[in-house]
Amino acid sequence: MILKINNQSLEVDVDPATPLLWVIREQAGLTGTKFGCGIGQCGSCTVQLDGVAIRSCLTPIQAVADKEITTIEGIASETELHTIQRIWIQEQVPQCGYCQSGQIISAHALLTKTTLPTDEEIDQAMSGNICRCGTYSRIKKGIKLAAEELAGASTINLENNG
Ligand code: FES
Ligand code: FES
């Protein structure tokens with residue numbers, strides 16, 4: 001089976017029922033995505049499937065062929081962190097950091113479809129991502145700052161193109 005992860009093809013020869021998280025970490029060697037609970041309850045294994053945040057610990061690879069999988073390693077460019085990642089550092093969002101790949105991937109999925117999300121939209125999008133360190137207020141602030149910056153950038157782009 002061939003998987004598309006972060007714009008690259010990866011041929012894997014494993015049981016089709018194997019959870020995507022195992023393939024991402026063990027076959028693709030992308031260890032930014034974390035194993036937390038293994039039962040869909042914590043969100044540390046969150047990746048995007050065609051832009052939608054999903055739990056990779058519960059997703060068998062047979063369900064993801066022909067879909068674009070994006071992990072935390074795939075949202076930055078070769079030379080620059082993604083705006084969300086940069087703001088996470090600037091605002092010192094993480095504490096231990098374990099949950100943060102999943103938090104950022106969920107935030108990225110939200111901001112890709114919703115330019116300036118409301119508090120309720122942020123709460124709903126992030127509700128499946130648990131942080132044992134309780135960094136929720138910094139996560140929310142980080143999302144709002146990133147949303148404003150990304151919205152500003154798209155306005156500037158439109159002005160430059162217009
Ligand atoms: S490890 Fe997948 S939701 Fe916890
Ligand atoms: S920063 Fe430690 S679990 Fe979230």
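Predicted, not measured: the structure shown is a model, and the values here were computed from it.

Undergrad: Could you clarify how one ought to interpret the sheet that holds strand β4 (residues 52–55) in this entry?
TA: Hydrogen bonds between backbone groups are what pair the strands of a sheet, and the pairing can be parallel or antiparallel. If you walk across this open sheet you meet the five strands as β2-β1-β5-β3-β4, and the pairing is mixed. The two strands at the open ends of the sheet, each matched to only one other strand, are β2 (8–11) and β4. The mean angle between the axes of side-by-side strands here comes to 40°, regardless of whether they run parallel or antiparallel. Pairing analysis gives four bridges linking strand β3 (residues 46–49) to β4, with the strands arranged antiparallel. Note on β4: the bridge partner recorded for Q48 is A53. Across the sheet, helix α1 (residues 20–27) is in contact with β1 (2–5), β2, β3, β4 and β5 (68–70); its angle to β1 comes to roughly 80°. Sheet contacts for helix α3 (residues 100–113): β3, β4 and β5; angle to β3, the most-contacted strand, approximately 30°.

Undergrad: Teacher, can you tell me more about a nonpolar patch on the surface here?
TA: Together, W22, F35 and Y98 make up a nonpolar patch on the protein surface, roughly 310 Å² of accessible area in all. Inspection of the secondary structure puts F35 in the loop between α1 and β3.

Undergrad: For this particular structure, what's the right way to read the domain arrangement of the protein?
TA: Bring the parts together and some accessible area is lost; that lost area is often taken as the interface size. Split into domains, the protein comes out as domain 1 (2–74) and domain 2 (83–160). Computed from C-alpha coordinates alone, the two centres of domain 1 and domain 2 are separated by 21 Å. With 17 residues of domain 1 in contact, the opposing surface of domain 2 contributes 12 residues. Summing the contributions of domain 1 and of domain 2, the shared interface buries around 1100 Å²; its carbon and sulfur component is 53%. Together, T46, Q48 and I72 form the three largest contributors to the area buried by domain 1 at its contact with domain 2, with a combined 40%. Between the two partners, domain 1 and domain 2, sit zero salt bridges. Where domain 1 touches domain 2, the interface holds eight residue pairs in polar contact (both at pLDDT 80 or more). Going through the elements one at a time, β3 and β4 are the ones with two or more residues in the side of domain 1 that touches domain 2. At three residues, the largest contribution of residues to the side of domain 1 that touches domain 2 is made by β3.

Undergrad: Would you mind going over the nonpolar core with me for this structure?
TA: The nonpolar side chains of soluble globular proteins are, as a tendency, buried together. The biggest cluster of nonpolar side chains holds 17 residues, and the ones touching the most others in it are I84, W88, L111 and I143. Taken together, the elements giving at least two residues each to this core come down to α2 (83–90), α3, α4 (119–126) and α5 (136–161). A total of five residues in this core trace back to one element, the largest contributor, which is α3. Leave out the neighbours within four places in its chain, and I143 touches W88, A107, L110, L111, I122 and M126. Formed by 13 residues, the second largest nonpolar core is a distinct cluster that contains I5, L20, I24 and I54.

Undergrad: Can you walk me through unusual backbone geometry in this structure?
TA: The phi angle of most residues is negative, glycine excepted, and most peptide bonds adopt the trans form. We note that N6 has phi near 50°; this positive angle belongs to a residue other than glycine. Considering the arrangement of structural elements, one finds N6 in the loop between β1 and β2. Residue classification places N6 among the buried residues on the basis of a relative accessible area of 18%. Positive phi values are uncommon outside glycine, yet D50 reaches one of about 50°. Relative to the elements of secondary structure, D50 occurs in the loop between β3 and β4. Relative accessible area serves as the criterion here: at 48%, D50 is assigned to the partly exposed category.

Rules behind the numbers
- Residues numbered from 1 in each chain as written.
- Chains lettered and ligands numbered in written order.
- Predicted model: local features only at pLDDT ≥ 70, side-chain atom pairs only at ≥ 80, totals over all residues.
- Heavy atoms only, no water.
- Pairing = 2+ DSSP bridges.
- Helix = DSSP H or I, 4+ residues; strand = E, 2+ residues; numbered from the N terminus.
- Axes fitted to C-alpha atoms, helices over the stretch in contact; angles between N-to-C directions.
- Contact = heavy atoms within 4.5 Å.
- Patch = residues over 30% accessible without salt bridge, like charges linked within 9 Å, V, L, I, M, F, W, Y side chains within 5 Å.
- Areas by Shrake-Rupley, 256 points an atom, 1.4 Å probe, with all protein chains shown as cover.
- Salt bridge = Lys/Arg side-chain N within 4 Å of Asp/Glu carboxyl O.
- Domains from an automatic or database assignment.
- Buried area = accessible area lost by both parts, 1.4 Å probe.
- Polar contact = N/O pair within 3.5 Å; in protein donor to acceptor, adjacent residues only side chain to side chain.
- Core = buried A, V, L, I, M, F, W, Y, C linked by side-chain atoms within 4.5 Å.
- Buried < 20%, exposed > 50% of the residue type's maximum accessible area, 1.4 Å probe, protein only.

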